[in-house]
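Remarks on the overall topology
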Amino acid sequence: MAIHWFPGHMNKAKREIGKVMREVDLIIEVLDARVPYSSSNPEVRRLRGDKPCIKVLNKSDLADPAATEAWRVHLQAEHGVRAVPLHRGQVKQAKGLLSFGRRLLPRDRNADRPMAVMVVGIPNVGKSTLINILSGRTIAKTGNVPAVTRRQQRIAIDKNTILLDTPGILWPRLNPPECGFRLALTGAIKDTQFDYQELAIYGVSVLRERYPEALMKRYKLPELPDGDLEILEAIAGRRGCLGRGGIPDLHKVSELVVHEYRQGLFREVTLEDPHVADEEEPSPTEESHD
Ligand code: G4P
């Protein structure tokens, strides 16, 4: 379910998660490993305070393993953070997050109290899938809106661990605009303000720069034409996205490229490296929504 995040939604999400956070011992922030910066929420650091946090580089089956490793190291530079690559096929590793998290709790914590775990993240990164794996049951999705107070239940995973059964849903980064493009390409933002052609051109340009072979292989292009538009036209030719008189149908081919990326048909492709976190981080005033 898509949602436009307005300052009111953001404040609501912050308030709701802030309230629950008091009882939480461990935060699991789920990120999309293809876009770990764009899919992270700038507020998590403030919301969690000193509490330990595991950042899950999720959907790692779709990301470039070398880039995922670079991100793992980068994310762990933040105090109290451990980062773990994961995908939905790795049930054992997912369950292992809880024992890993337990080792991150402060030593002076009252060990008689079960560890309370909350999963947070922007829409569509795989929070519900992870909660289902951790809890061993299928939870009903409430939609991608801030909904922490709505019948929040605690599931006893074992006598030492409690999991909040609805994720803390946070807003995606839309600033700078490249983050919006990357999120739209990965499907985190579905009904997008970008038109397909704009998005496909962005996608082709990133792929041409970062993974030209993936682009050539997927569309059986012996070589890549010079410009992004020309590449789209070549793909249109390859895939029969042609209009009258054999002219490339740019809308059709753009939809095709965007859908194929969203469906994960480009394997091992990551759209951003850790340095974007330094280059693109907005100033605190740009981020403030209070
Ligand atoms: P959310 O709660 O954060 O909004 O995300 P959710 O778990 O609903 O997952 C969003 C989509 O991502 C789902 O696909 C889900 O199957 C897929 N997904 C979750 N984890 C992984 C992963 O590790 N790897 C890959 N490749 N995909 C993952 P969907 O098409 O929206 O639904 P469906 O496939 O479940 O029908």
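On to the pairing of strand 4 (residues 115-121). The element strand 4 is largely enclosed, with a buried count of 7 among its 7 residues. Residues of strand 4 alternate between two faces, with Met115, Val117, Val119 and Gly121 on one and Ala116, Met118 and Val120 on the opposite face, all of them buried. Pairing between strand 1 (residues 26-32) and strand 4: 4 bridges, direction parallel. The residue of strand 4 that forms the bridge with glutamate 29 is valine 120. Where strand 4 lies against strand 6 (residues 161-164), 3 bridges are found, and the strand directions are parallel. Bridge pairing in strand 6 links valine 117 to leucine 163. Taken together, the 2 bridges between strand 4 and strand 7 (residues 168-169) define a ladder with parallel strand orientation. By the bridge assignment, glycine 121 is partnered in strand 7 with isoleucine 169.

On to the packing of aromatic side chains. One pass over the structure, following the stated rule, counts 3 aromatic pairs. Ring geometry for phenylalanine 181 versus tyrosine 202: centroids 4.8 Å apart, planes at 10°, classification stacked. Taken together, the positions of phenylalanine 181 in helix 6 (residues 177-186) and tyrosine 202 in helix 7 (residues 196-210) put the pair 21 residues apart, joining distant regions of the chain. Note on accessibility: phenylalanine 181 and tyrosine 202 belong to one class, buried. Here a set of aromatic residues connected by ring pairs shows up, and it is made of Tyr219, Tyr261 and Phe266.

Taken domain by domain, the protein holds domain 1 (8-173) and domain 2 (195-262). Here the C-alpha centroids of domain 1 and domain 2 sit 35 Å apart.

Below, the discussion takes up helix 10 (residues 250-262). Over its 13 residues, helix 10 extends 18 Å from the first C-alpha to the last, a length consistent with the 18 Å expected when each residue adds 1.5 Å. Buried residues of helix 10: Val253, Ser254, Val257, Val258, Glu260, Tyr261 and Arg262, and no others. As for helix 10, its buried residues are in contact with helix 6, helix 7, helix 8 (212-218) and helix 9 (228-239). You can read the cap of helix 10 off the contacts: a side-chain oxygen lies 3.2 Å from the backbone nitrogen of histidine 251, and it is on aspartate 249.

Lining the immediate surroundings of the ligand are 16 residues, of which Arg88, Lys127, Ser128, Thr129 and Lys141 lie closest. In the model, an oxygen atom of the ligand is placed 3.0 Å from a nitrogen or oxygen of the glycine 126 main chain. In the model, an oxygen atom of the ligand is placed 2.7 Å from a nitrogen or oxygen of the lysine 127 side chain. Protein burial of the ligand: of its 710 Å² of free accessible surface, 68% is covered by the chains. Here the shell around the ligand is built from residues that sort into 4 nonpolar, 7 polar and 5 charged.

The space that makes up the second largest pocket amounts to roughly 420 Å³. Lining of the second largest pocket is provided by 19 residues; of these, Ser40, Arg45, Glu78, Arg173 and Glu281 occupy positions nearest its centre. Contributions of two or more residues to the lining of the second largest pocket are made by helix 2 (44-48), helix 3 (65-75) and helix 11 (275-280). Looking at side-chain class alone, the lining of the second largest pocket contains 8 nonpolar, 3 polar and 8 charged residues.

Take unusual backbone geometry next. Of note, the phi angle at lysine 59 is positive, near 60°, even though the residue is not glycine. Looking at the element boundaries, lysine 59 is found in the loop between strand 2 (53-58) and helix 3. Look at asparagine 124: it is not a glycine, yet its phi comes out positive at around 75°. Along the chain, the position of asparagine 124 falls in the loop between strand 4 and helix 5 (127-135).

Applying the stated criterion to the full structure yields 15 salt bridges. Taking the shortest distance from any N to any O, the salt bridge between glutamate 272 and arginine 182 comes out at 2.5 Å. In this pair, glutamate 272 sits in the loop between helix 10 and helix 11 while arginine 182 sits in helix 6, placing the two residues 90 residues apart along the sequence. The network of salt bridges with shared partners includes Asp25, Arg109 and Arg113.

Moving on, we get to the side chain of arginine 173. Positionally, arginine 173 belongs in the loop between strand 7 and helix 6. Polar side-chain contacts of arginine 173 include one of 3.1 Å to the backbone oxygen of tyrosine 37. At 3.3 Å, the side chain of arginine 173 forms a polar contact with the side chain of serine 40.

What counts and how
Residues numbered from 1 in each chain as written. Predicted model: local features only at pLDDT ≥ 70, side-chain atom pairs only at ≥ 80, totals over all residues. Heavy atoms only, no water. Buried < 20%, exposed > 50% of the residue type's maximum accessible area, 1.4 Å probe, protein only. Helix = DSSP H or I, 4+ residues; strand = E, 2+ residues; numbered from the N terminus. Pairing = 2+ DSSP bridges. Phe/Tyr/Trp six-rings, centres within 6.5 Å; stacked < 30°, edge-to-face > 60°. Domains from an automatic or database assignment. Expected span 1.5 Å × (residues − 1). Contact = heavy atoms within 4.5 Å. Polar contact = N/O pair within 3.5 Å; in protein donor to acceptor, adjacent residues only side chain to side chain. Near = heavy atom within 4 Å. Areas by Shrake-Rupley, 256 points an atom, 1.4 Å probe, with all protein chains shown as cover. Nonpolar A, V, L, I, M, F, W, Y, C, P; charged D, E, K, R; others polar. 1 Å grid on protein atoms, 1.4 Å probe; cavity = no way out; pocket = protein on both sides within 12 Å on 5 of 7 lines; lining within 4 Å. Points joined across faces, edges and corners; volume = space filled by probe spheres on them. Salt bridge = Lys/Arg side-chain N within 4 Å of Asp/Glu carboxyl O.

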